[in-house]
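Chain by chain, the residues:
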Amino acid sequence: MGDWGDFNLALVGATAALAGLVIVAASVNIAEIVKAPALTARLGTAISSLVLALVVSALGLAPDLGDVVYGAVAVLASLIAATFAVDAARRIAADRSPLNRLRGMKSVLGFLVPAAYAVGGVLVLSGAVAAGTAAFAFGALLSIVVALMISWIVLVEVLR
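Note that residues are indexed from 1 along each chain, following the sequence as it is written. Confidence filtering applies because this is a predicted model: local features only for residues at pLDDT of at least 70, side-chain atom pairs given and counted only at 80 or more, and all residues used for totals across whole chains, interfaces and linings. Hydrogens and water molecules were not included; the side-chain quantities draw on all heavy atoms of the structure.

## Focus: the overall build of the chain
- By the criteria applied, helices consist of DSSP H or I runs no shorter than four residues and strands consist of E runs no shorter than two, each listed in order from the N terminus. Within the chain, the secondary structure is distributed over 6 helices and 0 strands.
- Ordering the α and β elements of the chain from the N terminus gives α-α-α-α-α-α.
- Taking the principal axes of the C-alpha coordinates as reference, the chain spans close to 50 × 25 × 15 Å.
- For this analysis, residues touch if any pair of their heavy atoms sits within 4.5 Å. Taking all contacts inside the chain whose residues are at least 6 apart in sequence as the whole, residues at least 24 apart take part in 76%.
- Each accessible area is a Shrake-Rupley result for a 1.4 Å probe, and residues are judged covered by the shown protein chains and nothing else. For the chain, the exposed area adds up to about 7,900 Å²; of that, 76% sits on carbon and sulfur atoms.
- A positive count includes Lys and Arg, and a negative count includes Asp and Glu. His and the chain ends are not counted in either. Where a charge sits is defined by one atom per residue type, namely NZ (Lys), CZ (Arg), CG (Asp) or CD (Glu). Distance from the positive charge centre (9 side chains) to the negative charge centre (8 side chains) of the chain: 22 Å.

Below is the structure:
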């Protein structure tokens, strides 16, 4: 992943720091957040998206890592992250509060990052390494945007 080394290095630091900040920000109101299972699950999705970006970016820095291993781990990590999105979507759908608007959008948001990484992993496994790596880059940047959006929305919702 030679040409992507600087990008991956920057993403490892950024996603690790952001995941820590999301956890700290949530911990300030954790008593209120855990009262709403959908909020807890959505925060889990945000953090899992950042961890997914962290893992795949860190693997991109590993010397002599084969494309098959890189693609396979990306697909596996995507599936693990997607389980958090599935849980969040289930809990969002179950929350019948009139304040729980835009259920579909809230649910879809959690699947964007795992989908980008799964596509990237499949592309790398199929031999389209450049396209797969570009999908990883897109997924990494998307993970930051999605995690910030979800975290901000959850923190605002818990205080209304």
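## Remarks on the side chain of S57
- With respect to the secondary-structure elements, S57 resides in helix α3 (residues 37-60).
- Not counting residues within four places of it along the chain, the set of residues in contact with S57 comprises N8, L11 and V12.

## Some details on the packing of aromatic side chains
- Only rings of Phe, Tyr and Trp enter the pairing, Trp through its six-membered ring, and a pair is recorded when the two centres are within 6.5 Å. The plane angle decides the type: under 30 degrees is stacked, over 60 is edge-to-face, the rest tilted. In total, this model carries 3 aromatic pairs according to the counting rule given.
- Among the aromatic residues, those joined into a ring-pair cluster are Y70, Y117 and F136.

## Here's the deal with the environment of S48
- Looking at the element boundaries, S48 is found in helix α3.
- For every residue, the accessible area obtained with a 1.4 Å probe (protein chains only) is divided by the maximum for its type, and the residue is called buried under 20%, exposed over 50%, and partly exposed between those limits. Judged by its relative accessible area of 10%, S48 is buried.
- Dropping the residues within four chain positions of it, S48 is found in contact with A81 and F84.
- Any pair of nitrogen or oxygen atoms within 3.5 Å is treated as a polar contact; in protein, a donor-acceptor pairing is required on top of that, and neighbouring residues in sequence qualify only through side-chain atoms on both sides. Reaching out from S48, the side chain makes a polar contact with the backbone oxygen of T45 at a distance of 2.9 Å.

## Notes on the side chain of S151
- Its place among the elements puts S151 in helix α6 (residues 129-159).
- Only 2.7 Å separates the side chain of S151 from the backbone oxygen of A147, close enough to count as a polar contact.
- With residues near it in sequence (within four places) discarded, S151 still touches V22, L43 and A46.

## Things to note about helix α4 (residues 67-94)
- Look at α4: 40 Å from first C-alpha to last across 28 residues, which is about the 40 Å you get at 1.5 Å a residue.
- Of all the positions in α4, only Y70, G71, A74, A77, S78, A81, A82, A85, A88, A89 and I92 are classed as buried. Each residue after the first adds 1.5 Å to the expected span of a helix.

## Observations regarding the pattern of salt bridges
- By convention in these notes, a salt bridge is any Lys or Arg side-chain nitrogen within 4 Å of a carboxyl oxygen on Asp or Glu. In total, this model carries 3 salt bridges according to the counting rule given.
- Between R90 and D87 there is a salt bridge, and its shortest N-O distance comes to 2.9 Å. Linking R90 with D87, this pair stays in helix α4, spanning 3 residues, or about one helical turn.
- Given the relative accessible area of 53%, R90 is considered exposed.
- Several salt bridges converge on common partners, so that one network encompasses D87, R90 and R91.

## Quick word on the nonpolar core
- Grouping buried Ala, Val, Leu, Ile, Met, Phe, Trp, Tyr and Cys residues that are joined through side-chain atoms within 4.5 Å yields what is termed a nonpolar core. Counting residues in hydrophobic clusters, the biggest one holds 30 residues, and the most contacted among them are I33, L52, V56, Y117 and F136.
- Per element, the largest residue contribution to this core is 9 residues, and it comes from α6.
- Beyond its immediate sequence surroundings of up to four residues, V56 is in contact with Y70, A74, Y117 and F136.

## A word on the packing of helix α1 (residues 5-28) against α6
- In this analysis an axis means a line fitted to C-alpha atoms, helices contributing only their contacting stretch, and an angle means the value between N-to-C directions, from 0 to 180 degrees. As a packed pair, α1 and α6 sit with axes 11 Å apart at the nearest point and diverge in direction by 10 degrees. Classified by the angle their axes make, α1 and α6 are roughly parallel. Residues F7, L11, A14, T15, L18, V22, A25 and A26 of α1 pack against A137, A140, L141, S143, I144, L148, S151 and L155 of α6.
- Considering only residue class, the contact of α1 with α6 consists of 13 nonpolar, 3 polar and no charged. An angle below 35 degrees is treated as roughly parallel, one above 145 as roughly antiparallel, one from 65 to 115 as roughly perpendicular, and anything else as oblique. Just so you know the grouping, Ala, Val, Leu, Ile, Met, Phe, Trp, Tyr, Cys and Pro go in nonpolar, Asp, Glu, Lys and Arg go in charged, and all remaining residues, Gly too, go in polar.

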